[in-house]
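# Remarks on the overall topology
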Amino acid sequence: GVHPKHRHLSVIFFHDLNAQPKYYVANSLMFGASAAVYSFNRVSRSLWFLLNRMLMIPCGVFYDDFPMFQPASLAEDADLAASQLLDLLGWRHAKTGSKALPFQSVFNVLGCRLDLSDLCNGRLVLENKPGRIDRLVELLKQIHAEGALTRHQGQILHGLMRYACGFFSG
């Protein structure tokens, strides 16, 4: 449901069939509403646009993830500027912990490991995040040791292999 302090943010305005203004106050998040995903994606892309164009921080976007990169000398200022922009817009975001890591030349993003350490020489490395291949190898060893593949193991294996082979496709 919607927190009582946030009800003023859950108001929808529209004109009814008689062109009369109407207001609707939602009691829950409106992800089931038509165009809800489209609207969220527009907000997400708007934040991405502001980060890229207004703050000039190169970044990507995947729904609510905004992987950003900057030269080391600008990284702290870029992080502060992005955080302040989100604060000004009232957008809650992680400021500490695993979702608010400092800029690094090698980092995990959306299940991948991205290495920008040699970008100035035209080299960018995109690979599976640490542990993914190890998990796949361990499962294969287990299946081999048991001499049989269960349906459940097959489903897990299928998912791990699909992601391990296609993670760079988005």
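Quick caveat: nothing in here was measured; it's all calculated off a predicted structure.

Turning to the sheet that holds strand 5 (residues 125–128), a few remarks are in order. Spatial strand order, 3-4-5: 3 strands in an open sheet with antiparallel pairing. Every interior strand has two partners, whereas the edge strands, strand 3 (106–109) and strand 5, have only one. Strand-to-strand twist across the sheet, computed as the mean angle between neighbouring axes with direction ignored, equals 25°. Note that strand 4 (residues 112–115) and strand 5 share 4 bridges and pair antiparallel. What sits directly across from L114, in strand 5, is L126.

All chains considered together, the criterion is met by 3 salt bridges. Between D16 and K22 there is a salt bridge, and its shortest N-O distance comes to 3.9 Å. Looking at D16, the relative accessible area reads 22%, which means it is partly exposed. A residue is classified by how much of its surface remains accessible, and K22, at 37% relative accessible area, is partly exposed. Put simply, E138 and K141 hold a salt bridge, and the shortest N to O gap is 3.9 Å. Of this pair, E138 and K141 both sit in helix 3 (residues 132–146), 3 residues apart, which is roughly one turn of that helix.

What follows is about the packing of aromatic side chains. According to the stated counting rule, one finds 2 aromatic pairs in the structure shown. Ring centres of F13 and Y23 lie 5.2 Å apart, and the angle between their planes is 55°; on these two criteria the pair is classed as tilted. You can see F13 sitting in strand 1 (residues 11–15) and its partner Y23 sitting in strand 2 (residues 21–25), a full 10 residues away along the chain. With a centroid separation of 4.8 Å and 80° between ring planes, the pair formed by F62 and Y63 is classed as edge-to-face. A cation over a ring is seen here: R45 above W48, with NZ or CZ 4.5 Å from the ring centre.

Position of A26 relative to the elements: it lies in the loop between strand 2 and helix 1 (36–54). Through-space distance from the C-alpha of A26 to that of S10 is 5.4 Å; in sequence the pair is 16 residues apart. If sequence neighbours within four positions are ignored, A26 has contacts with V2, R7 and S10.

Right, let's get into the nonpolar core. Listed in full, the 10 residues of the largest apolar core are L47, L51, I57, C59, F66, M68, A78, A82, L85 and L86. Listing elements by their share of this core, those giving two or more residues are helix 1 and helix 2 (72–88). Top contributing element to this core by residue count: helix 2, with 4 residues. For M68, the contacting residues outside a window of four places in its chain are L51, I57, P58, C59, A82 and F103. Grouped together as the second largest cluster of nonpolar side chains are 6 residues, L139, L157, L160 and A164 included.

Any two packed helices are characterised by the angle at which their axes cross and by the distance between the axes. Two elements in contact, helix 3 and helix 4 (residues 151–166), have axes separated by 10 Å at closest approach and are oriented at 150°. Judged on the interaxial angle alone, helix 4 and helix 3 are roughly antiparallel. Once helix 3 is placed against helix 4, the crossing between them reads as left-handed. Between helix 3, through R132, I133, R135, L136, L139, L140, Q142, I143 and E146, and helix 4, the contact on the second element is made entirely by Q153, I156, L157, L160, M161, Y163 and A164. Of the residues contributing to the contact of helix 3 with helix 4, the split by class is 11 nonpolar, 2 polar and 3 charged.

Rules and cut-offs
Residues numbered from 1 in each chain as written. Predicted model: local features only at pLDDT ≥ 70, side-chain atom pairs only at ≥ 80, totals over all residues. Heavy atoms only, no water. Pairing = 2+ DSSP bridges. Helix = DSSP H or I, 4+ residues; strand = E, 2+ residues; numbered from the N terminus. Axes fitted to C-alpha atoms, helices over the stretch in contact; angles between N-to-C directions. Salt bridge = Lys/Arg side-chain N within 4 Å of Asp/Glu carboxyl O. Buried < 20%, exposed > 50% of the residue type's maximum accessible area, 1.4 Å probe, protein only. Phe/Tyr/Trp six-rings, centres within 6.5 Å; stacked < 30°, edge-to-face > 60°. Lys NZ or Arg CZ within 6 Å of the ring centre and 35° of its normal. Contact = heavy atoms within 4.5 Å. Core = buried A, V, L, I, M, F, W, Y, C linked by side-chain atoms within 4.5 Å. Parallel < 35°, antiparallel > 145°, perpendicular 65-115°, else oblique. Left-handed = near helix turned anticlockwise from the far one by under 90°. Nonpolar A, V, L, I, M, F, W, Y, C, P; charged D, E, K, R; others polar.

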